[in-house]
Amino acid sequence: MSAQDDLPKLLGDCVHCGFCLPTCPTYTLWGEEMDSPRGRIHLMQQHVDGEPFSDAMVQHFDACLGCMACVTSCPSGVQYDRLIETTRADVEREHPRSLKERAIREMVFQLFPYRRRLRALRGPLRAYQKSGLERLVRRSGVLERISPSIAAMERLAPPLGRTPRLPERVAARGERRATVGMLSGCVQGEFFPGVNAATARVLALEGCDVVIPKGQGCCGALSLHSGRADEARAFARRTIETFESVDAVVVNSAGCGSAMKDYRALLADDPAWSRRADALTAKTRDFAEFLAELGPRAERAPLPVAVAYHDACHLAHAQGVRSQPRALLAAIPELEVREIADPEICCGSAGTYNLFQPEAAAELGDRKAVNVDATGAELLVAANPGCSMQIATALRRRGAPIAVAHTAEVLDASLRGLSRDTLLTRTS
């Protein structure tokens, strides 16, 4: 049975108890019932009962981050993730958006899932950053007047340096314990290449042969979470073909890992692909999840630094991976892990959310930055490129001198015996 056919039953699981309200970012911001999970479920039911999508109704669905905090907090097991993805697909099919909205959305979806296009953007963007022109552009506010979404893209772009290119295979150090495929990702690969390099080194140091297929493409996460189901399925099929020959697929981006673990549901109605999707879903692991299952072998050198760990929504809520990254970090001698207040509240990144809903995203980013700053940590650790860009931007806006790194980069620094100053400088 398809998700669309199952929608009435899924809607009926909600008893409107309100346990989701304190964990919903938009309800926390605005206190508006229709911008809570149960309020949106009420609107979904109205549509199932025959009411067409109105602009106001769609606005409430668009305002949802899809962070899945409500799924974690729900005592009734409501599958809100299925509900919002199905509803968004219906919106894209049935509701005519304005020309400006369509143009912005097409620009995003014709750029970010394609590595070659992102790579072509790197050179001009790096020159723009080095020229100092970005300060002038931001002070002028010209991009805000053209489009808040374009202004958000410019503002969120991380400082760009050289891009290390990884080989297609990185050999295990010492006795081989496993052979794994590594997803290099789109945004991760082009804007955070150091994370991929660190991931490959750590896996190799822990005894893994790491296969990094050169022809891999987008996993489909951005499309899946934005209601572009057919596009997501096409990306999923290509990813399945790419990684079928390896025993496990390690993913260092929370959104990508969540999408790949969802291939089973995404392709459930496709007889030619459902079993292959099942197989890939079963062997996909987040970086921290995989290392926790594998167990440590390489020696950790001391790293005297206080870190604040951020729970990426699609890692904590969608994948249920919380303890593993904390345990990896805590096992590093002299490293202190500090908790961030309100960890269940999204930072505002949420895939493309900070591009399509920049005002709400900035407000959530600022709230997160306040809580990160309050820990007194020198380094924020996150496991998703969108979160890293979002929180780093909010920390800069606040004037908080806190560097941002991925779990893999911190572990890599310890395994290689790098100093704390080198780590903080490399990730700032």
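In the annotation of an unreviewed UniProt entry, the entry for the protein reads Glycolate oxidase iron-sulfur subunit, and the organism field reads Actinomadura chibensis. Quoted straight from UniProt, the Function (unreviewed entry) entry for the protein says "Component of a complex that catalyzes the oxidation of glycolate to glyoxylate."

The next point concerns the sheet that holds strand β2 (residues 178-182). Strand order in this open sheet of 5 strands is β1-β3-β2-β4-β5, and the pairing throughout is mixed. Sheet topology places β1 (169-170) and β5 (284-286) at the edges, where each strand pairs with a single neighbour. Relative to strand β4 (residues 248-251), β2 runs parallel, the two being bridged by 3 bridges. Looking across to β4, one finds that G181 is bridged to V249. Strands in contact with helix α18 (residues 274-283) are β4 and β5; relative to β5, the strand with the most contacts, it is inclined by about 30°.

Across the two faces of β4 the burial is the same, with A248 and V250 and V249 and V251 all buried. In the sheet, β4 pairs with β5 via 3 bridges, with the strands oriented parallel. Note that in β5 the partner of V250 across the bridge is R285.

Further remarks concern the packing of aromatic side chains. This model, assessed by the stated rule, comprises 3 aromatic pairs. A ring pair is formed by F53 and F61, whose centres lie 6.1 Å apart and whose planes are at 90°; its orientation type is edge-to-face. Above the plane of the ring of Y114 lies R117, whose end atom (NZ or CZ) is 4.0 Å from the centre. Positioned above the aromatic ring of W273 is the side chain of R276, whose terminal nitrogen or guanidinium carbon lies 4.1 Å from the ring centre.

Here the focus is empty space enclosed by the protein. Scanning the entire structure with this criterion turns up 4 cavities of 30 Å³ or more. In terms of lining, the largest cavity is formed by 22 residues, of which the most central are C64, R88, H225, S226 and T352. Looking at the lining of the largest cavity, the elements with two or more residues in it are α6 (80-94), α14 (221-224) and α22 (353-356). Ranked by residues supplied to the lining of the largest cavity, first place goes to α6 with 4 residues.

This paragraph deals with helix α23 (residues 358-374). Compared with an ideal rise of 1.5 Å per residue, which puts 17 residues at 24 Å, α23 spans 24 Å between its outermost C-alpha atoms and is within 8% of the ideal. Residues P358, A360, A361, L364, G365, K368, A369, N371 and V372 constitute the buried set of α23. Turning to α23, the residues buried within the fold contact α2 (25-30), α11 (148-156), α22, β8 (379-382) and α24 (385-398).

On to the domain arrangement of the protein. Segmenting the protein into domains produces domain 1 (6-94), domain 2 (99-156), domain 3 (169-292) and domain 4 (300-425). Centre-to-centre, using C-alpha coordinates, domain 3 lies 22 Å away from domain 4. Taken together, the contacts link 27 residues of domain 3 with 25 residues of domain 4. A combined buried area of about 2,000 Å² lies between domain 3 and domain 4, and 69% of that area is made up of carbon and sulfur atoms. If you sort the residues of domain 3 by the area they bury against domain 4, F192, A254 and A288 come out on top, with a joint share of 20%. Taking the shortest distance from any N to any O, the salt bridge between R201 and D412 comes out at 2.8 Å. Counting every contact that joins domain 3 to domain 4 gives 10 residue pairs in polar contact (both at pLDDT 80 or more). Mapped onto the side of domain 3 that touches domain 4, the elements with two or more residues apiece are α12 (187-191), α13 (193-205), α16 (254-260) and α19 (287-294). Its residues assigned to classes, the side of domain 3 that touches domain 4 shows 12 nonpolar, 10 polar and 5 charged.

The subject of this paragraph is the pattern of salt bridges. Using the criterion set out here, one finds 36 salt bridges in the structure. We note a salt bridge from D270 to R237, for which the minimum N-O separation is 3.1 Å. Placement of the pair is D270 in the loop between α17 (263-266) and α18 and R237 in helix α15 (residues 229-243), with a sequence separation of 33 residues. Here D278 and R264 are joined by a salt bridge, their closest N and O atoms 3.0 Å apart. Of this pair, D278 sits in helix α18 while R264 sits in helix α17, and the two are 14 residues apart along the sequence. Judged by relative accessible area, which is 40%, R264 ranks as partly exposed. In the salt-bridge network here, residues are joined through shared partners; they are D62, E92, R97, E101 and R105.

How each quantity is defined
Residues numbered from 1 in each chain as written. Predicted model: local features only at pLDDT ≥ 70, side-chain atom pairs only at ≥ 80, totals over all residues. Heavy atoms only, no water. UniProt positions renumbered as here; feature names shortened; annotations may be inferred. Pairing = 2+ DSSP bridges. Helix = DSSP H or I, 4+ residues; strand = E, 2+ residues; numbered from the N terminus. Contact = heavy atoms within 4.5 Å. Axes fitted to C-alpha atoms, helices over the stretch in contact; angles between N-to-C directions. Buried < 20%, exposed > 50% of the residue type's maximum accessible area, 1.4 Å probe, protein only. Phe/Tyr/Trp six-rings, centres within 6.5 Å; stacked < 30°, edge-to-face > 60°. Lys NZ or Arg CZ within 6 Å of the ring centre and 35° of its normal. 1 Å grid on protein atoms, 1.4 Å probe; cavity = no way out; pocket = protein on both sides within 12 Å on 5 of 7 lines; lining within 4 Å. Points joined across faces, edges and corners; volume = space filled by probe spheres on them. Expected span 1.5 Å × (residues − 1). Domains from an automatic or database assignment. Buried area = accessible area lost by both parts, 1.4 Å probe. Salt bridge = Lys/Arg side-chain N within 4 Å of Asp/Glu carboxyl O. Polar contact = N/O pair within 3.5 Å; in protein donor to acceptor, adjacent residues only side chain to side chain. Nonpolar A, V, L, I, M, F, W, Y, C, P; charged D, E, K, R; others polar.

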